[in-house]
Amino acid sequence: MSGERNLSVHARAISGYLCPVVQCLNTPELDTILARSNIDNVAHLLAPFHSSVEKLTVRSANLDPIHFNKFNLHFTIRNLPKTWNAITQGTPATSTHTHHSSPTAQSASQSGAAASNTTQQERDELFLDHIAQSIATSVDTWINQTGREELTVRKHFRPKHTFPDDEQQQQHQQQPTSSTEEGELEDEGWQGRPLDRLTPWYALLRDEVFRRRDMIPHDTFNWPVACVLALSTSNPDPLNALAALWDLTSPEKLFAPNAAGAGAGAQQGDEQSHKHEWANPEVLRYIVLVHDYGVGTGRDGWEDAQTLHETIRKTYGSHTALLPLFSASPTAMNPQPRARGVGALWEPFSSSSSSSPSNNPPASSSQQGLTPTVGLGVSSAGLLPDHTTTPAPPLSPTKPSIGTGDKGLELSDEDIVSLKLLLREFVSQSLVPFLERGVRVGNQQFVQSKRSIGGRLFSAGRKYFGSSGTSGGTGTGGGAGSAGSSTGNSSRTGSPVSGTGALGGWNAVKGFYPHQAQESQTRRLADLAFMLGDFKLAAEVYEQVSKDYRSDKAWKYYSSACRMAGLSHLLNHASAPLLHNPDLALEQANQVPLPPSGTVDLDALKATLLYYEAYRAVGDWRAAPSGLVRAAGESDEVASAILLEQAAIADLHLPMPSRRKFAFHMAMAATRYEKSGIKSLSRRCLSQAASVYYLPSSASPGSIVPTFSPRHLPPPGQTGWTAIRSHLHHSLAQQSYNVGQNLSAVEHFLNLLVGIEHRSFGYKNDGEESWLEDFGLAWEALGQVSVEERDRVVRERGVGLPVRVFEAKSAKIRVMQSGEMESGEGDAEVWTKLEKDVLEFGFEKSKRPAALLQGGIVNEVVVGETFYLELTARNPLDSPLAIGGLKIDTDAKEGTVIIEPPQEIELEPRQSQKIYVPVRATTLTNFSFTSLSYRFSDLLPCTESLSGPPKRLFATRDQLHTPTYAPSKALAVTVRTPIPVLVVSFDELPETLYAGEVRMVNLEITNAGQVPLVDLNCVCSHPSFAFFPSQQSTFYTPISAESSSTIRISNQLSPNTPFSIPLEQNTLQAGTSVKVPVVFRADMQGRHRFSWLFVFQGNDRTEFLTFKTSRLVEILPSLHIQPILRLSPSPASSYSISLHVQNDALPSEVVVHQISSVSAQWLCRPLDSFTAPDALGTLKQGHSTIVVLSASPVPDTEGAREGTEFAVRKLDALLQGKDVTTSTPGETVLHHGVLYSKASSVEIQAPSLLSSITRTHGQLRHRSLSGQLPTVSQSIHHNLFPLFNARSIDLIVFWSAPALGIQGHHHLADIPLGAGSNALVKVLETAEQKAGGLYAESQRERSMLLASLRRSELGVEENPAAVLQVVDEVVDHDFSTGPSVIKVDFVVRNLSSIEAFDYTLSLQSSDGSTGSILPPTKLPYAGLLTRTGTVPPLSSTVTGAFLWIARPGTYELGDWRVDATSRSSKWSRAGTRKPLLVRDLGEGAIKQ
């Protein structure tokens, strides 16, 4: 059949929790018979077989078969009324149910009376409090259970059972599953462990909530659908007794007030007193006649029982059964052996069973009791307020007491089979057909009501015009709720009501629907369809009726219907992943205006647990965490904590497990547990959360030497989670200390340090400022034992500091004086470059050593001399830290190394401090520093390794695939024979200098070794910064007044050549010092580290020794000098240079004394009108001055063109791949021009100053060439280019600040003059014809080099022609004497230093008069209009012309053009407009 289906796995998992309720009534004599087997009543007798009906098929509303592997039932007992004896025997009415002789019964009566005045909210709170008490009582037993396993959160976990596939679904649907197998499937927990075994407190909460099946108006699942009327054949008047039972279960009396016994009436609240109004009394009544073999009547008694049963069947119908029992009674005529293991069947259902922990949760219909807490609303007879869910109390004082021993003493195997057959017959032949008929009839009427026009119009009218829900019902309470005053909602068309009479609607006063109302009947239809597994129909009906509830504002009904609609959709899907989010229904159910509650909502709690169990069964946990967290709410109940804990576990079963959410929810659960007083579960949750926020420590825990773990490097990206970890471990530490677990408290306090090294300074966490005090208290509480014993206990437990205080990688060996510990710092690339400069330019090729600096880290010390072990200690805390008992361990033999470490170290918050430990070796040996030990906060013994991090190996294939690391290398020291030990002191060098300032200081050089030192040389990382002059010379030397001079020097761009430091006889004896003058000039603004490498030898000259030192100097701004170039209007000079000098930062007056120029082809002079003043300029801070110079080319310069030709040849050789180191550019003559004051002048040719100028020019030249040719290495600049560019000029500005006592000079290098010439034309043409190599990278580099050369100073072609038109701007002439003839001179200049050019000057005649009063006249040039000539390089020529002006006026001169031609290029330059005013001095001149 197409509609045939099996109940899904997750539907079977929760079907027992919402199964049909069967109410049981039995006569008193049957209680006496059952008491012989320690069974309370008929419900207790049938309870173990609640799920014994297997492989049952039911029919849906559409007659589709639905297969149940197990059909569950829930049995409850109903007490008989007080008037039972009067009804059955005609005797006066006596209370047979409440007059017990036992104190327990009296307590039950008293507590029941108290419960009559309680509300449902109070009963719910008492219920949760009782569960919390039971969990608190048993939690220690659970936690300390032998063999218990906890969660182990793995980083890359994926749940083993996520979604069952189609094959698994078919297997579960077609094959019956045992309870054990089903439990394992449903409870698939973390790493395969069942969830109930991991959290048995959750299983207890779940089972007790599901077992509490109170009858409530808005949920019909707990309403009985059938009544089992049981009596025995030994009843003296069985027919009369049966008639009384039948009458008690009639629709009129089933739920009528005071129809039940005292147990019910005592515990009825206001809601229960109206049960007959809202509870549907239409139930199936089933008669069970019990025949007791124990009376010994034999065959005759059995035949009489059959006769009686037949009479009952004819009278009451076919819903009857004859049940023979107790065939194993000793008084039976033929006793049968007792059934094996029969007592275990009733263990989960015993009313006296305790709440001890169990790994196997009871079934949904379990009657397992809790430890009784007698009080308001809770009696010793049972926890639940409704009488229908508790076993019946004794019927009379004379009734034998039911013991707590073994159950089923008189039951045989045949009796067990009879009970199972009874239930199967009852379910399959009576109950299921009754339910199916109710569903079919109700569904037909429901469909008709939806299809009818009246029903649709009525629903629309209620939606838009409905009342506020104050209409009454049909109850007999009178007032607004009485039938006579009902003027509101009436019956609806097609309502699925089985009875007749007036129908009612929502009763807002009493808060329920009458059971005849359409809404109540529709909800009943949905619940019955759900019980029969027709979840599709149930979901449809739930959704429809929820709309009516919402319209009536019946919010409890609405919430319940929404939850069941979502659950029906969830169970209707037979496989996962789910196609919708069921949690939306739970969220929608909570969005109602219910009154606020201070505790967990039990309806929402039960629904959430049902959803959660369904999620677990289907394997789709995605919606579980949000639902559990929402149900937990904000209350501090134990149930809230349990829900948060389950939400955390659900986070781990998501398709992408969320470990951080797991920890967050665990931390929330821990807080709720702590507030509820269950400390052990709080600590457990905190421990689970802390395992997720694990940060690998930078030191292994324990007092042993920590090992480095390359796989767990401290991740700086996780610094944001340290606050969470700190909260977790601080809470764990405090709780451990409070319960006396001091060692665990110490360990958790230390875990607060994990990740603390990544926090920023000032970071605060709750309690961090005082945790050291708490740590000290926990440490002292470890016991009143000796320090050694306490250290041993800590070592055995493996408790250690999780962070490092001493940085192993920064440990170093210092062989100089303690005051010079910072001298060896610097960049490794700088030292490598300095070593290369010394090797290449400081030694002859035949005597050049292979290397100077030792490769790797080689620490050599001299025997008998004290050296220092440098350690860096860092306080990771934001509070002061004390370090005591520092001890350094080595692998040297005892007595060969003497170490004196400091014993008390105080570190400020977050302070890093260098600690120097004096060490002295007494013999020649090799040893290593292995580890150090100390006491953290002067308490905890700690040990840290001094070995560096291990190196990853990649030598073999296995090492590539499997990370393999070399052994860690310790800090090794080699003790050698005596050698010179150089110590250089820069104490006189200031930390700050002004830009351009020159400072001469004495450098103290000491030989601290035991043998003499010879051949001392030095090289500096900034050659222009330091200079070693001779002893007798001074830096600034005055000269006599001379306008210019020439200087012959080498034109080679010198590299960084070493200085030879002058020593007496080139030797520095052991233990002696010498002061050497050194000149420092600050040439670059900013903060710079200047490094020096000293190279020397011992007196035996067998090896080269080095000493490295560096200093950090800040160079402050001083003067700002900006040169501005212009073509000179004077024919005597080519350019005028305006120097704008401004005092930017010097706080005192600055005196500019002298300006000097240095160039190979140009010479600067003062202007003709210049006279030497006392000072060129005196500038206060912020003031400026302008000095104007004239620059002219020097004819017949020696060596100027040779430098350019040298560069062209070398670049051609470089492009052709030839050797470029074969020649040098030779010498050149520099022309020196001076503009000085009378008060002071400086001799620029002085050796010290000239050397400083050339070094500064060289460094600036390197910088300029690197910018022009980035692909050419700076190391070969000296092989390609000359020191001075022929077309450039250097300006040196000398100044002093008398108030500050400082002086200096600024060097402006390579100021370009003249026109650039493309000297590389032929070289570049030849290079472009040659291939750049076989590889694309080589070709790309060659193309970049050629492009850079075209843009360089040698490859740019500029217009060399410059024309100056010289004429008087104002001319006075007496035009009465005739026209005016004005001479105009054209000065044609060649600004190129290489090539001459031919020029053509073209003059044009035009009427150029403007603004004149007189009419314009023709302004012709007189004479030739075209002039030609040749101009040599850096020369000029003058050609004259005449203007013929016939009348006065203002004229614009500029109608001329110059065309220049060289061997390779052509240029042109047009004249610029220039005004000419011609005035008339004659008598006829017109006055303006």
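Basis of the calculations
Residues numbered from 1 in each chain as written. Predicted model: local features only at pLDDT ≥ 70, side-chain atom pairs only at ≥ 80, totals over all residues. Heavy atoms only, no water. Helix = DSSP H or I, 4+ residues; strand = E, 2+ residues; numbered from the N terminus. Buried < 20%, exposed > 50% of the residue type's maximum accessible area, 1.4 Å probe, protein only. Areas by Shrake-Rupley, 256 points an atom, 1.4 Å probe, with all protein chains shown as cover. Expected span 1.5 Å × (residues − 1). Polar contact = N/O pair within 3.5 Å; in protein donor to acceptor, adjacent residues only side chain to side chain. Salt bridge = Lys/Arg side-chain N within 4 Å of Asp/Glu carboxyl O. Contact = heavy atoms within 4.5 Å. Pairing = 2+ DSSP bridges. Bend = angle between axes of the 7 residues up to and from the residue. Axes fitted to C-alpha atoms, helices over the stretch in contact; angles between N-to-C directions. Parallel < 35°, antiparallel > 145°, perpendicular 65-115°, else oblique. Left-handed = near helix turned anticlockwise from the far one by under 90°. Nonpolar A, V, L, I, M, F, W, Y, C, P; charged D, E, K, R; others polar. Phe/Tyr/Trp six-rings, centres within 6.5 Å; stacked < 30°, edge-to-face > 60°. Lys NZ or Arg CZ within 6 Å of the ring centre and 35° of its normal. pLDDT = per-residue confidence, 0-100. Patch = residues over 30% accessible without salt bridge, like charges linked within 9 Å, V, L, I, M, F, W, Y side chains within 5 Å. Lys, Arg positive; Asp, Glu negative; His and termini not counted. Charge placed at Lys NZ, Arg CZ, Asp CG, Glu CD. Core = buried A, V, L, I, M, F, W, Y, C linked by side-chain atoms within 4.5 Å.

Novice: Explain the overall build of the protein chain to me, please; I cannot follow it from the model alone.
Specialist: In terms of regular secondary structure, the protein chain is built from 36 helices and 52 strands. For the protein chain, buried positions account for 53% of its 1488 residues. Carbon together with sulfur atoms contributes 51% to the accessible area of the protein chain, which is approximately 65,100 Å² in total.

Novice: When you look at unusual backbone geometry in this model, what are you seeing that I'm missing?
Specialist: Both trends apply: most residues other than glycine have a negative phi, and most peptide bonds are in trans. For K553, which is not glycine, the phi dihedral falls at a positive 60 degrees. Residue class for K553 comes out exposed when judged on its relative accessible area of 52%.

Novice: I'm lost on helix α24 (residues 659-676) in this one. Help?
Specialist: One turn of the α-helix equals 3.6 residues, which is why residues spaced by three or four share an orientation. Given a rise of 1.5 Å per residue, 18 residues ought to cover 26 Å, and the 25 Å separating the end C-alpha atoms of α24 matches this to within 8%. Of the residues that open α24, the one with a side-chain oxygen 3.4 Å from the backbone nitrogen of K661 is S658. G677 sits one or two residues past α24 and shows a positive phi near 95 degrees.

Novice: Hey, could you run me through the pattern of salt bridges in this one?
Specialist: A full pass over the atoms with the stated rule returns 36 salt bridges. E944 serves as the salt-bridge partner of R804, at 3.6 Å between the closest nitrogen and oxygen. Remark: E944 occurs in strand β17 (residues 940-945) and R804 occurs in the loop between α29 (787-797) and β9 (812-814); sequence separation between them is 140 residues. The exposure class assigned to E944 is buried, which follows from its relative accessible area of 2%. Across the pair E1358 and R1287 runs a salt bridge whose closest N-O atoms are separated by 3.7 Å. With E1358 in the loop between α36 (1336-1350) and β41 (1361-1366) and R1287 in the loop between α34 (1277-1280) and β39 (1288-1297), this pair connects stretches of sequence that are 71 residues apart.

Novice: How should I be thinking about the environment of E1243 in this particular structure?
Specialist: With respect to the helices, strands and loops of the structure, E1243 is situated in the loop between β38 (1227-1236) and α33 (1247-1268). Sequence spacing of E1243 and S1156 is 87 residues, and the spatial spacing of their C-alpha atoms is 9.8 Å. Leave out the neighbours within four places in its chain, and E1243 touches T1037, P1038, I1039 and L1249. There is a polar contact of 3.1 Å between the side chain of E1243 and the backbone nitrogen of Q1245.

Novice: Sorry, what's going on with the sheet that holds strand β48 (residues 1436-1445) here?
Specialist: The strands that make up a sheet pair up through hydrogen bonds in the backbone, lying either parallel or antiparallel. Strand order in the open sheet made by the four strands is β41-β43-β48-β46, with antiparallel pairing throughout. Among the strands making up the open sheet, the edge pair consists of β41 and β46 (1421-1422). Relative to strand β43 (residues 1380-1390), β41 runs antiparallel, the two being bridged by six bridges. Bridged to V1363 within β43 is V1388.

Novice: Would you take a moment to explain helix α6 (residues 120-143) for this structure?
Specialist: Here α6 is 24 residues long and its end C-alpha atoms lie 34 Å apart, about the 34 Å a rise of 1.5 Å per residue gives. Maximal helix bending in α6 amounts to about 35 degrees, located at T137. If you check which residues of α6 are buried, you get R123, D124, F127, L128, H130, I131, A132, S134, I135, S138, V139 and W142.

Novice: Help me understand the packing of α6 against helix α10 (residues 200-211) in this model?
Specialist: Each pair of packed helices can be described by the angle between their axes along with the distance between the axes. The geometry of α6 relative to α10 is characterised by a closest axis approach of 9 Å and an angle of 150 degrees between their N-to-C directions. The angle between α6 and α10 places the two elements in the roughly antiparallel class. The way α6 lies across α10 gives a crossing that is right-handed. Counting all contacts with α6, which are made through F127, I131, S134, I135, W142 and I143, the residues of α10 involved are P200, W201, L204, L205, E208 and V209. Taken together, the residues of the contact of α6 with α10 break down into 10 nonpolar, one polar and one charged.

Novice: How do you make sense of the packing of aromatic side chains when you look at a structure like this?
Specialist: Under the counting rule described, the total for this entry stands at 32 aromatic pairs. Arranged with centres 6.2 Å apart and planes meeting at 70 degrees, the rings of Y611 and Y615 form a pair that is edge-to-face. Of this pair, Y611 and Y615 both sit in helix α21 (residues 602-618), separated by four residues, roughly a single helical turn. On the basis of relative accessibility, which here comes to 3%, the residue Y615 falls in the buried class. Cation over ring: R36 sits above F326, and NZ or CZ is 5.5 Å from the ring centre. The ring of W246 is capped by R285, whose NZ or CZ atom sits 4.0 Å from the centre of that ring.

Novice: Would you explain the confidence of the model for the protein chain in this entry?
Specialist: For any part of a model where pLDDT is low, the fine detail of the predicted coordinates should not be relied upon. Mean pLDDT over the protein chain stands at 76; residues scoring 70 or higher make up 76%. Under a pLDDT of 50 for its full length, residues 156-192 has, in the predicted model, 76 contacts with residues more than four places off or in other chains. Every residue in residues 260-269 is under pLDDT 50, and counting partners more than four places away or in other chains gives 26 contacts.

Novice: Looking at this structure, I do not really get the side chain of R672. What am I missing?
Specialist: Mapped onto the elements, R672 comes out in helix α24. There is a polar contact of 2.3 Å between the side chain of R672 and the side chain of S640. Not counting chain neighbours up to four residues away, the residues in contact with R672 comprise A632, G633, E634, S635, D636, S640, A641 and L644.

Novice: I'm lost on a nonpolar patch on the surface in this one. Help?
Specialist: Side chains of L1167, I1186 and V1188 sit close together on the surface and give an oily, nonpolar patch of about 240 Å² of accessible area. As for its placement among the helices and strands, V1188 is situated in strand β37 (residues 1184-1193). A residue is classified by how much of its surface remains accessible, and V1188, at 34% relative accessible area, is partly exposed.

Novice: So what exactly am I meant to see when it comes to a negative patch on the surface here?
Specialist: Taken together, the side chains of E904, E906, E908 and D938 make up a negatively charged region of the molecular surface. Here D938 lies in the loop between β16 (926-936) and β17. Residue classification places D938 among the partly exposed positions, given a relative accessible area of 47%.

Novice: Explanation requested: the nonpolar core in the structure shown.
Specialist: One recurring pattern in soluble globular proteins is that nonpolar side chains are buried together. In terms of nonpolar packing, the biggest core is built from 131 residues, with F71, I135, F426, L431, F530, L567 and Y673 touching the most fellow members. Among residues more than four places away in sequence, those in contact with Y673 are W201, V638, A641, I642, E645, I678, L681, S682 and C685.

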